[in-house]
There are 2 protein chains.
Amino acid sequence: MTRQELIDNIKRKKSYLCVGLDTDLNKIPKHIFEEAPDDPVFAFNKAIIDATAPYCVAYKPNIAFYETLGYQGWIALEKTIRYIRATYPDQFIIADAKRGDIGNTARMYARAFFDYMDLDALTVAPYMGEDSVTPFMEYPGKWTVLLALTSNKGSHDFQFVSDTGGKRLFEHVLAKAQEWGNKDNLMFVAGATQGSLLADVRKIAPDNFLLVPGVGAQGGSLEEVARYAMNDDCGLLVNSSRGIIYASTGTDFDTVAAIEARNLAEQMAETLKARGII
Amino acid sequence: MTRQELIDNIKRKKSYLCVGLDTDLNKIPKHIFEEAPDDPVFAFNKAIIDATAPYCVAYKPNIAFYETLGYQGWIALEKTIRYIRATYPDQFIIADAKRGDIGNTARMYARAFFDYMDLDALTVAPYMGEDSVTPFMEYPGKWTVLLALTSNKGSHDFQFVSDTGGKRLFEHVLAKAQEWGNKDNLMFVAGATQGSLLADVRKIAPDNFLLVPGVGAQGGSLEEVARYAMNDDCGLLVNSSRGIIYASTGTDFDTVAAIEARNLAEQMAETLKARGII
């Protein structure tokens, strides 16, 4: 999907919501196992997708939750992706995999996620530098979503290591990666929990889309994200996983997920209006 | 596997070789596809393992090469691991996956690699800090292998970012991670291509095992690795992947792989003798 198509989808749906598919067998409603004993993960995902698709522009399966089920998890993941592609072709699909390895290995991951699975985007870790990142940029229409400033407590361990000029590691990552990619194939992860630091991210990456986790279960504020990080094209995909998909664990889980997604989308529409984007 | 068991295996086999199973359908011998059309990846791995097991103490499947084949790759990976476990129970098995994500996701990856697949060790990326690393340390007898100083060109992009006190990022990682783990559950990745910098790694992590990639195809020298990074317990697992498994692409691939592995093991035995370990 191109940058312009993504922006058009955001304007049309008045939402920059990404729904995280962190599907955990220990958390999905019990009745799913009776209704779909062969593949409860896919059955859950399908119901969540059908319920939330009107309110979001992207889905983000978190690969860990599928890998933990072995090859059966991988099958459920592939089915989920094919279902979204076939049923909601305007959705942007991000594999949240945080991969990062030397060049020849990065090329294999790129094949896995962009060729074999035909996803739109993949989250990538920056620690190993250029040759671990650029192989993902060789696919036209595909996106690299590089970790910059993450939403978790551990982000403070290394991402703020500061050089003699006061430049912090996450700022090095933001600057350096723009030598490798551009606003048409490179996004950055910036956590909603980082508050006004999002403005520091925007300073270095004014035009790149930001994938923003941390709203909801992790405590980040949508209002702050919009204030500090929205640009004239919106430039944001804000993810919520647990706050939507596990909002209810009863038989009404899909209806409640839809309500949560709609609530977030309505708040997002307000921020888009305030900025004059819609 | 405990640290002492690993050291005992190294002394008994006079080798600290780890064979990397970077199995690529585009590189394995053509006759394998005729002999084992249903699962050429497993057939190749099995032959390589049978040929090299006498000369190595560890195997390291690189997960990217399996993921690129979708769920069928995952099945081949699981079969490979079960085969090693059943046939060569003294081998240490490392999933080279370089995972790294927030706490609740890291716990899912830990389940995937330590519970579901029962591997001995997993490579982990440090960028996201403590809560992305410590969930792997909660499994007794299992190992976290944290990226510190990698073997690739891109290692120079961020790993050498230096703070006001002259401490480089990879040194921050080495120091900080030892607050989370210890020599019994924490190893570090340090590339053979980094030459005398391996001595800087050893200064900060004198007792931890180092997993050393980069010998062979990437150009690192085994002699240098031993000189700068061996400690009194050996403290090294030196990996070779392409230099062994693709040494021949003919029907003699397994015999030639065995010769390459034996050559490396013989060089390793010399370095162990020189240090008085065997």
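Since we're looking at a predicted model, the values are computed, not measured. (Residues numbered from 1 in each chain as written. Chains lettered and ligands numbered in written order. Predicted model: local features only at pLDDT ≥ 70, side-chain atom pairs only at ≥ 80, totals over all residues. Heavy atoms only, no water.)

A. Quick look at the environment of Ile-84 of chain A. Residues and elements named next belong to chain A. Following the sequence through the fold, Ile-84 ends up in helix H5 (residues 71–87). With 19 residues separating them in the primary sequence, Ile-84 and Phe-65 have C-alpha atoms 18 Å apart. If we skip the residues at most four places from it in the chain, Ile-84 touches Leu-21, Ile-49, Tyr-59, Pro-89, Gln-91 and Ile-93. (Helix = DSSP H or I, 4+ residues; strand = E, 2+ residues; numbered from the N terminus. Contact = heavy atoms within 4.5 Å.)

B. Layout of the confidence of the model for chain A. Mean pLDDT for chain A: 97, with 100% of residues reaching 70 or above. As scored by the predictor, the complex reaches a pTM of 0.97 and an ipTM of 0.96. (pLDDT = per-residue confidence, 0-100.)

C. The sheet that holds strand E3 (residues 92–99) of chain B, seen in detail. Residue and element names in this part refer to chain B. As summarised here, the arrangement of the eight strands in space is E1-E2-E3-E4-E5-E6-E7-E8, forming a closed barrel in which the pairing is parallel. Strand-to-strand twist of the sheet, defined as the mean angle between neighbouring strand axes without regard to direction, takes the value 30°. Here five bridges tie strand E5 (residues 143–149) to strand E6 (residues 186–190), and the two strands are oriented parallel to one another. For Val-145, the partnering residue across the bridge sits in E6 and is Met-187. Strands strand E1 (17–21) and strand E2 (58–61) of the sheet are contacted by helix H3 (residues 40–52), whose axis makes an angle of about 170° with E1. Helix H11 (residues 222–229) rests against strand E7 (210–212) and strand E8 (236–240) of the sheet, and its axis sits at about 160° to E8. (Pairing = 2+ DSSP bridges. Axes fitted to C-alpha atoms, helices over the stretch in contact; angles between N-to-C directions.)

D. Here's a closer look at the pairing of strand E8 (residues 236–240) of chain A. All names here are of chain A. Across the five residues of E8, five count as buried, placing the element largely inside the fold. Where burial is concerned, the two faces of E8 agree: the one with Leu-236, Val-238 and Ser-240 and the one with Leu-237 and Asn-239 are both buried. Looking at chain direction, strand E1 (residues 17–21) and E8 are connected through three bridges and run parallel. Each bridged residue has a counterpart across the sheet, and for Leu-17 the counterpart in E8 is Val-238. Direction of pairing for strand E7 (residues 210–212) relative to E8: parallel, over a ladder of three bridges. In the sheet register, Leu-211 faces E8, and the bridge partner there is Leu-237. Taking the sense of rotation as the criterion, the β-α-β connection linking E7, helix H11 (residues 222–229) and E8 turns out right-handed. (Buried < 20%, exposed > 50% of the residue type's maximum accessible area, 1.4 Å probe, protein only. Right-handed = clockwise from strand over helix to strand, strands pointing away.)

E. Broad picture of the sheet that holds strand E2 (residues 58–61) of chain A. All names here are of chain A. Spatially, the eight strands close up into a barrel ordered E1-E2-E3-E4-E5-E6-E7-E8, and their pairing is parallel. For this sheet the average axis-to-axis angle between neighbouring strands, irrespective of direction, equals 30°. Contacts between helix H6 (residues 103–116) and the sheet are confined to strand E3 (92–99), strand E4 (121–124) and strand E5 (143–149), with E3 contributing the most and set at about 160° to the helix.

F. Quick peek at the packing of H3 of chain B against helix H13 (residues 253–274) of chain B. Residues and elements named next belong to chain B. Axis separation between H3 and H13 bottoms out at 8 Å; the angle between their running directions is 40°. In terms of orientation, H3 and H13 fall into the oblique class. The interaxial crossing formed by H3 with H13 has right-handed handedness. Listed contacts from H13 to Phe-44, Ala-47, Ile-48, Ala-51 and Thr-52 of H3 are Phe-253, Asp-254, Ala-257, Ala-258 and Ala-261. Residues that form the contact of H3 with H13 fall into these classes: eight nonpolar, one polar and one charged. (Parallel < 35°, antiparallel > 145°, perpendicular 65-115°, else oblique. Left-handed = near helix turned anticlockwise from the far one by under 90°. Nonpolar A, V, L, I, M, F, W, Y, C, P; charged D, E, K, R; others polar.)

G. A look at the pattern of salt bridges. If you walk through the whole model with that rule in mind, you get 40 salt bridges over all chains. Residues Arg-99 of chain A and Glu-67 of chain B are paired through a salt bridge, measuring 2.7 Å at the closest nitrogen-oxygen approach. You can see Arg-99 of chain A sitting in strand E3 and its partner Glu-67 of chain B sitting in helix H4 (residues 64–67), one on each of two chains. With a relative accessible area of 0%, Arg-99 of chain A lands in the buried category. Each of Lys-60, Asp-96 and Lys-98 of chain A together with Asp-101 of chain B takes part in a single network of salt bridges with overlapping partners. (Salt bridge = Lys/Arg side-chain N within 4 Å of Asp/Glu carboxyl O.)

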